[in-house]
Structure formats: structure tokens, C-alpha cells
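Letter by letter, the chains look like this.
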Amino acid sequence: MAVRLRDVAERAGVSIKTASNVVNNYAHVKPSTRARVEQAIEELGYRPNLAAKQLKYGRSGLIALALPFLDSPYFAELASLFSAAAVRRGYIPLLDITGADPVVERHVVTGVQSHMIDAVVFSPLALKAEEIAERVDSVPLVLLGERAVPDGFHHVAVESVAAAKAMTEHLLSLGRRRLAAIGRESAQGTASVRLDGFLAALADAGLDTPEEYVVGVTSYEREAGYRAMRQLLELPEPPDAVFCFNDLLALGAMRACADAGVDVPGQVAVAGFDDIAEASFSTPRLTTVRPDLDRLVDEVLRLTEAAIHDRQRPAEDVVIDWTLQLRESTLGRDTLSR
């Protein structure tokens, strides 16, 4: 027979109401009591009846996280942090991988599968802001990422313009003057924002950027970074520094340098963005921008919870901090060992 909430209450030695308060993540429960109830839930394998919960409270406890990819280290880390934080808050996370397919993303926005979901957290890649603005579904939606979003939607993003500008200024501080960028896209998205920061730093330094120094890509994978770097190295005057708009592109770029016999950072400094785990273990270790993903997840869930309880709440646009992780790919091993 299915384990009932009454069984949990009896095992924990509390009332059914107290057990319900723990299951529904109410704040005013003593930590010791909450721990006993959570232990009873774990021991008995209790799972809430979502349909009954939705009928009674108008909420199921389910939050969907829609991401474009899961094979990307950045999105994999984000999904892991989000899932753990959601569970700690008493929610059940559902993961939806869109593959950056506009049809799938449109389903996420229009709410085709949202009848049992309390809220949707969505990182769009294919949809334009005006398409998202046409949404009429009433389920709360929180948007992620540096892409343009319409007014009236909760939105959380990393301050990528300032971060890209700071990374470019770091490369300039090393005496590099032939700076290239890898990762331009045709759409107005993350790459466009990071390119703005890159170009702003060069303009402040009084430097022009040759068109051939800004290389577009069709994906943000290692192979694309490799091909773009080989293209740059074949120029009559190759760059002496390259800022890649994510770490996978940067790792591919460094592999291209190694294959061409070009020393990093002796002949060309390479920097990335995201600080995925691989950045600390590459050879050389990769200089990169680290977004504060813990705070990003906290802010996303704060907005999500607020929107669930008050669907008329004014939209917030939250900007997340970042830090520069300076490593061997720009500073060199000798500098870091001093």
C-alpha cells in the first residue's frame, strides 16, 4: 500500500498538520521537528500525491527547468545546482531539454505541457523576444540568460558586458594589442552581449578591431573553437590574444595552437567564459570569467517562489556578479608560481 502522510506523522511522532507543513516547506517549523519528519519521509519512501495536492492547494510542487542542452558543462552544472536547491526548498524539479529547437521552445513558452506545473524556468536560444512576448499562458515564467527578453517577465542574467570588458582589459594589461574574439553569432544573444564588452574595452584603449579578428561560429563546442583559431593563425598577422565567448571554444582554440606549434600564452594569450571544471585541468589552465551560479540559482528560485504565490507581482530583472579567474593561459606558469 502507498505510504500516507499519516504514516509519516506517526513515525516522526508529530501531528498530521505538522508533517504537512514540512512537506509543503512552511517556514515556521522547528529545525529538530523538521529533521524528524524528513527522516521519516526518507525511511518510509513517502511521495506526495501531486494531483490531490494541486486540487487542494492549487499547486503541485513541480517546477520545470527548460535548458537548450545538457551535454554542455555549463548547463549541466546549472541544472545540478538548480535541482539540489529546488529540492531543499521543497519543490520537485523537472528537466526539459529543448535542443534549441524553436518548435520545442515555443511549446515551453505557450504552456502546452504546463497544466501540472507550478512554474517554468526557461533559458531560450531559438526564440526572439517578440515571440516570448506573445505568451498568454498564466503559469509563472522566469527567463534565464543574456539574450534580449521582453518587458514584463522575470529575468536573471550574468552581467556579461562588464565581465567581457574586464577580461579584455586584462588581456590589454599584459601588453597585448592584437586582440581577437571567437564566438560571434548572427542572432542577438549571449555572444552579442559579450562582443559589446570586448569592443568597448578596445575602444577605450584607442584600438581598432579588424573584421577578420572577430570570428563567428555555428556552435559553442570545442570543434568550433578549434576551427576558428586555425583561421586566425592563418592570417598574415595573427592575434597575440584571443577572447573566446565560452570555455569550450577556448579549449578548442588552445588545442589548435598546440597543433600549430604556437605557444600559449607566450605567442598568444587565450581566455574563456564560464569557468567550467575542465578549465582548471587543461594545459595550460584556462583564464576565464566565473559567473556566480550559486547566486543565480538562488535568485531564480526566489523569483519563482514569489511568482507562484503572487502572479501579479511586478517583473524583476536581476543581474548576477562574476569574477575573473586568472590562470596560466594568459599569465603563464612562471608568473603564477611567484
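All of these numbers come straight from a predicted model, not from anything done at the bench.

A. Spatial organisation of the sheet that holds strand β4 (residues 141–144). With parallel pairing, the six strands of this open sheet are ordered in space as β2-β1-β3-β4-β5-β11. For this open sheet the edge positions go to β2 (92–97) and β11 (317–320), each flanked by a neighbour on one side alone. The mean inter-strand angle of the sheet, taken between neighbouring strand axes irrespective of direction, is 20°. Two strands pair when backbone bridges link them, and strand β5 (residues 154–158) and β11 are joined in this way by four bridges, in the parallel orientation. If you follow His 155 over to β11, its bridge partner there is Asp 317.

B. Representation of the pattern of salt bridges in the model. Per the stated rule, a full pass over the model turns up 21 salt bridges. For Glu 328, the salt bridge is made with Arg 285, and the minimal N-O distance between the two is 3.0 Å. Placement of Glu 328 in helix α13 (residues 328–331) and of Arg 285 in the loop between β9 (269–271) and β10 (288–291) is noted, with a sequence separation of 43 residues between them. Looking at Glu 328, the relative accessible area reads 7%, which means it is buried. On the accessibility criterion, Arg 285 (40% relative accessible area) is partly exposed. One salt bridge connects Arg 295 with Glu 299, and the closest N-O pair in it is separated by 3.8 Å. Of the two residues, Arg 295 and Glu 299 are both situated in helix α12 (residues 293–309); the distance of four residues between them amounts to about one turn of the helix.

C. Broad picture of a nonpolar patch on the surface. There is a patch of nonpolar side chains on the surface, built from Leu 70, Leu 95 and Ile 97 and spanning about 240 Å² of accessible area. Locating Leu 95 in the fold gives a position in strand β2. Here Leu 95 falls in the partly exposed class, since its relative accessible area comes to 44%.

D. Just the packing of aromatic side chains, in detail. Counted under the stated rule, the structure contains three aromatic pairs. With a centroid separation of 6.5 Å and an interplanar angle of 40°, the aromatic rings of Phe 198 and Phe 243 are classed as tilted. Taken as a pair, Phe 198 in helix α9 (residues 190–204) and Phe 243 in strand β8 (residues 241–244) lie far apart in primary sequence, 45 residues in all. For the pair Phe 198 and Phe 243, a shared accessibility class is recorded, and that class is buried. Geometrically, the ring pair formed by Phe 243 and Phe 245 is edge-to-face, given 5.4 Å between the ring centres and 80° between the ring planes. In terms of burial, Phe 243 and Phe 245 fall into one category: buried. What links up through ring pairs into an aromatic cluster is the set Phe 198, Phe 243 and Phe 245. A cation sits over an aromatic face here: Arg 194 above Phe 273, 3.6 Å from the ring centre.

Conventions we followed
Residues numbered from 1 in each chain as written. Predicted model: local features only at pLDDT ≥ 70, side-chain atom pairs only at ≥ 80, totals over all residues. Heavy atoms only, no water. Pairing = 2+ DSSP bridges. Helix = DSSP H or I, 4+ residues; strand = E, 2+ residues; numbered from the N terminus. Axes fitted to C-alpha atoms, helices over the stretch in contact; angles between N-to-C directions. Salt bridge = Lys/Arg side-chain N within 4 Å of Asp/Glu carboxyl O. Buried < 20%, exposed > 50% of the residue type's maximum accessible area, 1.4 Å probe, protein only. Patch = residues over 30% accessible without salt bridge, like charges linked within 9 Å, V, L, I, M, F, W, Y side chains within 5 Å. Areas by Shrake-Rupley, 256 points an atom, 1.4 Å probe, with all protein chains shown as cover. Phe/Tyr/Trp six-rings, centres within 6.5 Å; stacked < 30°, edge-to-face > 60°. Lys NZ or Arg CZ within 6 Å of the ring centre and 35° of its normal.

These results come straight from atomic positions and should not be treated as a statement about function.
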